[in-house]
Amino acid sequence: MAEKETCVLTNMCMVYDGDRILVQDRVNPNWPGITFPGGHVERGESFVDSVIREVKEETGLTVSNVRLCGVKQWNHRDGEYRYIVFFFKTDTFSGELKSSEEGRVFWLRKDELKNHTLANGFDLMYEVFEKDELSENFYWFENGLWNKVNK
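Residues numbered from 1 in each chain as written. Predicted model: local features only at pLDDT ≥ 70, side-chain atom pairs only at ≥ 80, totals over all residues. Heavy atoms only, no water.

### With respect to the nonpolar core
Part 1 of the reasoning: Ranked by size, the top nonpolar core spans 21 residues in total, and within it M12, I21, V23, F36, F87, L113 and F122 carry the most contacts.
Part 2 of the reasoning: Mapped by element, the contributors of at least two residues to this core are strand 1 (7–17), strand 2 (20–26), strand 7 (82–90), strand 9 (103–109) and helix 2 (122–130).
Part 3 of the reasoning: Per element, the largest residue contribution to this core is five residues, and it comes from helix 2.
Part 4 of the reasoning: For F36, the residues in contact, after removing those within four places along its chain, are M12, C13, M14, I21, L22, V23, Q24, F122, Y126 and F129.
Part 5 of the reasoning: Grouped together as the second largest cluster of nonpolar side chains are 13 residues, C13, V51, L61 and F86 included. (Core = buried A, V, L, I, M, F, W, Y, C linked by side-chain atoms within 4.5 Å. Buried < 20%, exposed > 50% of the residue type's maximum accessible area, 1.4 Å probe, protein only. Helix = DSSP H or I, 4+ residues; strand = E, 2+ residues; numbered from the N terminus. Contact = heavy atoms within 4.5 Å.)

If you want it as structure tokens, here you go:
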């Protein structure tokens, strides 16, 4: 078994203010719908610095005191690489909310989330952000189908 593998490293951040969460209505046709802001970790960049940068780029807000609260991962169908999304959350932010080319950003009460079109699989991801007993959202491809579980 190889000790090294190729990985794509990304992040996502739940910014919250009491019972409100900051969401993004993504316009990317590969993964459209409501989700949290985030993006790729650049080479040599820390995970924390990457999520702070991505939130700033996509929302105009400067976040701090971000806490790692989980991870999503899957292997590409052909096993060429593993895709990892580090989940962060924070209630510490400043600045003026501003949407980007990634999609419109807006505040939403947590109980209103179910009334919106979510990005594929975001409902399971959201459980990891909200439930302290969960730390992983894992997908695997088997018999021509994607399977998923929260652990």
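On we go from here.
### Here's the deal with the environment of E142
Part 1 of the reasoning: Its place among the elements puts E142 in strand 10 (residues 136–142).
Part 2 of the reasoning: Using a relative accessible area of 43% as the deciding quantity, one classes E142 as partly exposed.

### A word on the side chain of T90
Part 1 of the reasoning: In this structure, T90 sits in strand 7.
Part 2 of the reasoning: For T90, the residues in contact, after removing those within four places along its chain, are C13, M14, V15, Y16, V63, S64, N65 and V66.

### Brief notes about the state of the cysteines
Part 1 of the reasoning: For the structure on display, the rule yields zero disulfides.
Part 2 of the reasoning: Just so you know, C13 is unpaired, no disulfide at all, and the nearest cysteine sulfur is the one on C69, 8.0 Å from it.
Part 3 of the reasoning: Residue C13 is classed as buried on the basis of its relative accessible area of 0%. (Disulfide = S-S within 2.5 Å.)

### Description of the environment of G39
Part 1 of the reasoning: As for its position among the elements, G39 is in strand 4 (residues 38–40).
Part 2 of the reasoning: With 52 residues separating them along the chain, G39 and D91 place their C-alpha atoms 19 Å apart.
Part 3 of the reasoning: The contact partners of G39, leaving out residues within four places of it in the chain, are T10, N11 and E54.

### Section: the packing of aromatic side chains
Part 1 of the reasoning: All chains considered together, the criterion is met by eleven aromatic pairs.
Part 2 of the reasoning: Where F36 meets Y126, the ring centres are 6.2 Å apart and the plane angle is 55 degrees; that geometry is what we call tilted. With F36 in the loop between strand 3 (33–35) and strand 4 and Y126 in helix 2, this residue pair connects regions lying 90 residues apart in the sequence.
Part 3 of the reasoning: Residue class for F36 comes out buried when judged on its relative accessible area of 2%.
Part 4 of the reasoning: Aromatic pair F36 and F129: ring centres 5.0 Å apart, planes at 80 degrees, arrangement edge-to-face. Residue F36 is located in the loop between strand 3 and strand 4, and its partner F129 is located in helix 2; the two are separated by 93 residues in the primary sequence. (Phe/Tyr/Trp six-rings, centres within 6.5 Å; stacked < 30°, edge-to-face > 60°.)

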